[in-house]
Amino acid sequence: MAMDKTFQPAEAEARISATWDAANAFAAGAAARRPETFCIMIPPPNVTGSLHMGHAFNNTLQDILVRWHRMRGFDTLWQPGQDHAGIATQMVVERELAKAGKRRSDFTREEFVAKVWEWKAQSGGTIVRQLQRLGASCDWSRNAFTMSGAPGAPTGEEGNFHDAVIRVFVELYNQGAIYRGKRLVNWDPHFETAISDLEVEQTEVDGHLWRLRYPLADGATYEHPVEWDEEGRATAWETRDYLVVATTRPETMLGDTGIAVHPDDARYAHLVGKEAILPLVGRRLKIVADSYADPEKGTGAVKMTPAHDFNDWEVGQRTGLRAINVMDRRAAIALRDNPDFAAGCDAGAVAVCIEAFDAHDRYEVRDALVETARAEGWLDGIDPDRHVVPHGDRSKVAVEPFLTDQWFVDTKKIVDPALDAVREGRTRILPEQHEKVYFHWLENIEPWCISRQLWWGHQIPVWYGPNPMNSSAPPHELEWDFDDPVAFCAATFEDAAKLADQYYKSRGLASQGFVELPDFSETGDVADWVKLVPLIRDPDVLDTWFSSGLWPIGTLGWPEDTDELKKYFPTDVLVTGFDIIFFWVARMMMMQLAVVEKEPFHTVYVHALVRDEKGKKMSKSLGNVLDPLDLIDDYGADAVRFTLTSMAAMGRDLKLSKDRIAGYRNFGTKLWNACRFAEMNGVWEGHATQTTPPQATATANRWILGETGRIRAEVDAALTAYRFNDAANALYAFVWGRVCDWYVEFAKPLLADPDTAGETRATMAFVLDRCMILLHPFMPFVTEELWSLTGRRDSLLVHAEWPEGLDEALVDPQAEREMRWVITLIEEIRSARAQMRVPAGAYLEMWEIDADDAARAALARNAALIARLARIEAKGAAATAPRGALSVALEGASFALPLQGVIDIAAETARLGKTLAKLEKEAGGLRGRLSNPKFTASAPPEVVEEARDNLAQVDEEAARLREALRRLEEMA
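The model shown is predicted, which means the values in this text are computed figures rather than measured ones. (Residues numbered from 1 in each chain as written. Predicted model: local features only at pLDDT ≥ 70, side-chain atom pairs only at ≥ 80, totals over all residues. Heavy atoms only, no water.)

Details of the overall build of the protein
Now for step 1: Scanning the protein from N- to C-terminus turns up 31 helices and 32 strands.
Now for step 2: Dimensions of the protein, computed from C-alpha atoms along their principal axes, come out at roughly 115 × 80 × 55 Å.
Now for step 3: Within the protein, the fraction of its 972 residues that count as buried is 54%.
Now for step 4: At a minimum sequence separation of 6, the contacts of the protein that also span at least 24 residues come to 77%.
Now for step 5: Carbon and sulfur atoms form 49% of the exposed surface of the protein, whose accessible area is close to 42900 Å².
Now for step 6: On the protein, the mean spot of the 107 positive side-chain charges and the mean spot of the 148 negative ones are 5 Å from each other. (Helix = DSSP H or I, 4+ residues; strand = E, 2+ residues; numbered from the N terminus. Buried < 20%, exposed > 50% of the residue type's maximum accessible area, 1.4 Å probe, protein only. Contact = heavy atoms within 4.5 Å. Areas by Shrake-Rupley, 256 points an atom, 1.4 Å probe, with all protein chains shown as cover. Lys, Arg positive; Asp, Glu negative; His and termini not counted. Charge placed at Lys NZ, Arg CZ, Asp CG, Glu CD.)

Spelled out as structure tokens, the structure:
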């Protein structure tokens, strides 16, 4: 069947994907021809997710590595899967319920979780289908899910990932590496749960800075400067019996327990250890010295609210300040039945505050407090202030630092092996600059909050039993502590009941069994507990980063000792973004080393960001987001993939534009047209894949075979070093430049000559086959289609053998030297013609001014080719160049191209001079901006980078014009 005129990705990609799927082409171990394995774990996208440009970039790089290793015969596994994305998925399902007028609270926990599973069955496969459109060659038959095997999981979700997660929790708990404690966390008041730093967006807002006066206790005063000389030295003071503190969150003052000043601030040195009085309630606030307070910022005195500010918490830990929580889970003020708030305060004032503020939203209380301060005279002033406020990335609600009981991993107990693995080179991070980020996080690691107040997720495997306070008393006189129950950590309720039975028996309390209840309020008559003791399961679920931290071993079947685990673990490479080096990469390292005592991978490749064409970060608010699915619709997956790869310079962000993608679509078309040219010249008739090159005698054929051998080695070296852009750009230069541009042209006269036609057809088939094979990892669809249309094939291209060896043997130095000389001559003539604006159809005379024997021989053997491609007419030798001739010099020869009568030399000189002057003026302006420190310091980075790029382009064009003017001067 004759090839179509063009490749139609919209029709072909789906058909080719179906062919791969029918052949099970991506299965683990498919087409393996060697014992070595290669395994990559896909960074699991959220089950709620849709493909964005970051996914497209990340998965393209992974797919290149996987296809490359599979074609080289490695036993390859690219393990796919999705993260259950606790907060994101729960939000999506709650929104769906809201459309029907329902709330989560209308269901039991089990009913709601069943609703989530229903949603996952209907909509959770979106991201998988989108990755398949990109061409991701994962073993989709092994698609994993971080909630597989969890209680309530439907048919088809029977995996054991849940078992792995629960087992690791229990093991770390028993080792003392997991504990429950009260610490400050990021709290999302909308979802009423703790969230991770990665789920927090830092949003700039226009707000205010309120200055409040806190009276000093016990008659204390200090001297406050009010006048300064020209050098900033204080010259006059006033005596004050109050301190001025500033805050952007006045509502938190209800939880203030101290005031911090810098240890070296002479103004307040005598006040350290004394106290101030909190307005409204009269709580005494300890004045402490801590370097966190900045003497140059504001008054240098900082109010301390340890329960509602992370910095204040740290100061409080260092200086012994109390932490008083004055908010509830919805960020409403919570003062009633709050003994911590009332302690040390005037009882009447506490009652007034409860009446005025309790149960009111934090922002309502903020406004009320400011008005009270104004009315009572302790509002010192209000300043406009633009500052950053953390918001939940899902809820878009301002996050509160919140003091609450949570589950934590004591990371200091498991961090050292993860540090040693990178320090000692067992795992390397590329680019190496990211090792600093890794070390910074792990060397300064804090306890990791792993509990979330959600229903969707892995429920904490801890049950609580009533704490017997007087176990020696008769059953009817037993007293129980409900506020401090006994915790039993186990994988199942049955195992927890066994632990509980051992515990109670050790205290002389025998029971007939245990019952699982939602809370202690449903326990009934405590006298019956001796017969049937209630156990209450912890309602929290685990942070999704905890479960995804087990991704490598969990997807391979651990804790079972599966064949896949033995074969593919440790895995090889992790390809990921820099923003989750700590949140995911470091935690995988810690957890795998803690659980199985092995590094999960030997290399972490950290890719950069995909930005818009001006270098700005893509965002919906800027309207500059490029949707990869839209781009695939418009240009095809191959063009999108190759564009991203060609720009994947290690450590450098990509500037993506549609024009560049369109250019690489043309690259695919160029290869298609070369294969059609081959078809029209009988190249594919009777052709079958050849692993050994043909015997060639024609110089052009020997040259292109050598170039083909060299490019394979170049691509292998680049991919081995994770220089994806170098591999792509080398292939582009080879396929477009040397094969499609030069060799196809060189082959035309050879195909027309009966003496060379046979070997040229064989050479062209071999070279184009190599182009398809080497390009396949980068552009899988168009190459697979071409493979199926161009001869007899023993396998799909995805399973074709990657060429190895023979590279040096294919290189013919004499043919290489001659054809490179010919190409250089043609390019020099073309460049000179373009500079001088010689009409494209005009043929120029060419005179040989000087040439050695090698140059004359090359010219003679390729005269017809040079004449046709450079549009010249060779006139022979001349002692000197004719007047008005353009000189062309290259190795071993120089030539003259007379332009008298072809162009107006004087007019062309004037035109180029005028253009050069304009460019030099533009360059001067750009240099002036870039040499101005204020511009480079204050302008957005993308603006500075754009100015540098523009200057480089202007300088390059100016240099080209100067060279053209030099040539014109010589001619004149």
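Further notes follow.
Looking at the environment of Gly152
Now for step 1: For Gly152, the position within the fold is in the loop between strand S4 (144–145) and helix H6 (161–174).
Now for step 2: The class of Gly152 is exposed, set by a relative accessible area of 62%.
Now for step 3: It is 9.4 Å that separates the C-alpha atoms of Gly152 and Glu111, two residues lying 41 residues apart in sequence.

What to know about helix H2 (residues 53–71)
Now for step 1: For H2, built from 19 residues, the straight-helix expectation of 27 Å at 1.5 Å per residue is met to within 8% by its first-to-last C-alpha distance of 27 Å.
Now for step 2: In terms of burial, H2 is a largely internal element, 18 of the 19 residues being buried.
Now for step 3: Gly73 occupies a position one or two residues after H2 and carries a positive phi of about 95°. (Expected span 1.5 Å × (residues − 1).)

Thoughts on the packing of aromatic side chains
Now for step 1: In total, this model carries 38 aromatic pairs according to the counting rule given.
Now for step 2: Taking 5.9 Å as the distance between ring centres and 40° as the angle between the ring planes, the aromatic pair formed by Trp448 and Phe546 counts as tilted. Placement of the pair is Trp448 in strand S18 (residues 448–449) and Phe546 in helix H14 (residues 544–548), with a sequence separation of 98 residues.
Now for step 3: Arranged with centres 6.0 Å apart and planes meeting at 25°, the rings of Tyr605 and Tyr722 form a pair that is stacked. (Phe/Tyr/Trp six-rings, centres within 6.5 Å; stacked < 30°, edge-to-face > 60°.)

Re the packing of helix H23 (residues 754–775) against helix H24 (residues 780–789)
In helix packing, the relevant descriptors are the interaxial angle and the interaxial distance, both defined with respect to the helix axes.
Now for step 1: For the pair H23 and H24, interaxial distance at closest approach is 9 Å and the crossing angle is 145°. Of the two elements, H23 crosses H24, and the hand of that crossing is left-handed. The segment H23 lies against H24, with Asp769, Met772, Ile773 and Leu775 engaging Thr783, Leu786 and Trp787.
Now for step 2: Taken together, the residues of the contact of H23 with H24 break down into five nonpolar, one polar and one charged. (Axes fitted to C-alpha atoms, helices over the stretch in contact; angles between N-to-C directions. Left-handed = near helix turned anticlockwise from the far one by under 90°. Nonpolar A, V, L, I, M, F, W, Y, C, P; charged D, E, K, R; others polar.)

Thoughts on the sheet that holds strand S14 (residues 302–304)
Now for step 1: Strands sit in the order S12-S13-S11-S14 across an open sheet of four strands; the sheet is mixed. Looking along the sheet, the strands with just one partner apiece sit at the ends: strand S12 (275–277) and S14. Neighbouring strand axes in the sheet, compared pairwise and without regard to direction, differ in orientation by 35° on average.
Now for step 2: With four bridges joining them, strand S11 (residues 258–261) and strand S13 (residues 284–289) adopt parallel strand pairing. (Pairing = 2+ DSSP bridges.)

What about the state of the cysteines?
Defined simply, a disulfide is a covalent bond joining two cysteines at their sulfur atoms.
Now for step 1: Under the counting rule described, the total for this entry stands at zero disulfides.
Now for step 2: Between Cys771, a free cysteine, and Cys740, which holds the nearest cysteine sulfur, the sulfur-to-sulfur gap is 6.4 Å.
Now for step 3: Residue class for Cys771 comes out buried when judged on its relative accessible area of 1%. (Disulfide = S-S within 2.5 Å.)

Structural notes on the pattern of salt bridges
Now for step 1: The full count for this structure, using the stated rule, is 63 salt bridges.
Now for step 2: Between Glu599 and Arg426 there is a salt bridge, and its shortest N-O distance comes to 2.6 Å. Remark: Arg426 occurs in the loop between helix H11 (416–423) and strand S17 (428–430) and Glu599 occurs in the loop between helix H17 (581–595) and strand S26 (603–607); sequence separation between them is 173 residues.
Now for step 3: Given a relative accessible area of 37%, Arg426 falls into the partly exposed group.
Now for step 4: What emerges from the salt-bridge pattern is a single network uniting Glu707, Arg710, Arg738, Glu816 and Arg820. (Salt bridge = Lys/Arg side-chain N within 4 Å of Asp/Glu carboxyl O.)

Side note on a negative patch on the surface
Now for step 1: A contiguous patch of negative charge on the surface is contributed by Glu110, Glu111, Glu494, Asp495 and Glu516.
Now for step 2: Those elements that provide at least two residues to the negative patch are helix H4 (109–123) and helix H13 (493–506).
Now for step 3: Secondary-structure assignment places Glu111 in helix H4. (Patch = residues over 30% accessible without salt bridge, like charges linked within 9 Å, V, L, I, M, F, W, Y side chains within 5 Å.)

What to know about empty space enclosed by the protein
Now for step 1: Applying the stated criterion across every chain yields a total of two cavities of 30 Å³ or more.
Now for step 2: The space that makes up the largest cavity amounts to roughly 70 Å³.
Now for step 3: Around the largest cavity, the lining is made up of 15 residues, and of these Gly86, Ile87, Arg452, Leu454 and Thr544 lie nearest the centre.
Now for step 4: It is strand S6 (residues 193–195) that contributes the most residues to the lining of the largest cavity, three residues altogether. (1 Å grid on protein atoms, 1.4 Å probe; cavity = no way out; pocket = protein on both sides within 12 Å on 5 of 7 lines; lining within 4 Å. Points joined across faces, edges and corners; volume = space filled by probe spheres on them.)

A word on the pairing of S13
Now for step 1: Alignment of S12 against S13, held across three bridges, turns out to be antiparallel. Along S13, the bridge assignment pairs Ile277 with Arg284.
Now for step 2: Between S12 and S13, which follow one another and run antiparallel, lie six residues, and Leu280 among them has a positive phi close to 80°.

Examining unusual backbone geometry
Now for step 1: Omega for the peptide link from Leu430 to Pro431 comes to -10°, which places this bond in the cis form.
Now for step 2: Examined against the element boundaries, Pro431 turns out to sit in the loop between S17 and helix H12 (433–443).
Now for step 3: The peptide bond linking Phe569 to Pro570 adopts the cis configuration, its omega dihedral lying at 0°.
Now for step 4: Mapping Pro570 onto the fold places it in the loop between helix H16 (563–568) and strand S25 (573–577).
Now for step 5: The residue Asp218 is not glycine, and still its phi comes out positive at about 60°.
Now for step 6: Phi at Ala359 takes a positive value of approximately 70°, unusual for a residue other than glycine.
Now for step 7: Its location among the elements puts Ala359 in the loop between helix H9 (347–357) and helix H10 (362–376).
Now for step 8: The class of Ala359 is exposed, set by a relative accessible area of 56%.

Let's talk about the sheet that holds S6
Now for step 1: Strand order in the open sheet formed by four strands is S6-S5-S16-S18, with antiparallel pairing between adjacent strands. Two strands bound the open sheet, and with one partner strand each, they are S6 and S18.
Now for step 2: As paired strands, strand S16 (residues 400–409) and S18 are joined by two bridges and run antiparallel to one another. Within the sheet, the bridge partner assigned to Phe408 lies in S18 and is Cys449.
Now for step 3: Strands in contact with helix H7 (residues 310–319) are strand S5 (178–188) and S16; relative to S5, the strand with the most contacts, it is inclined by about 140°.

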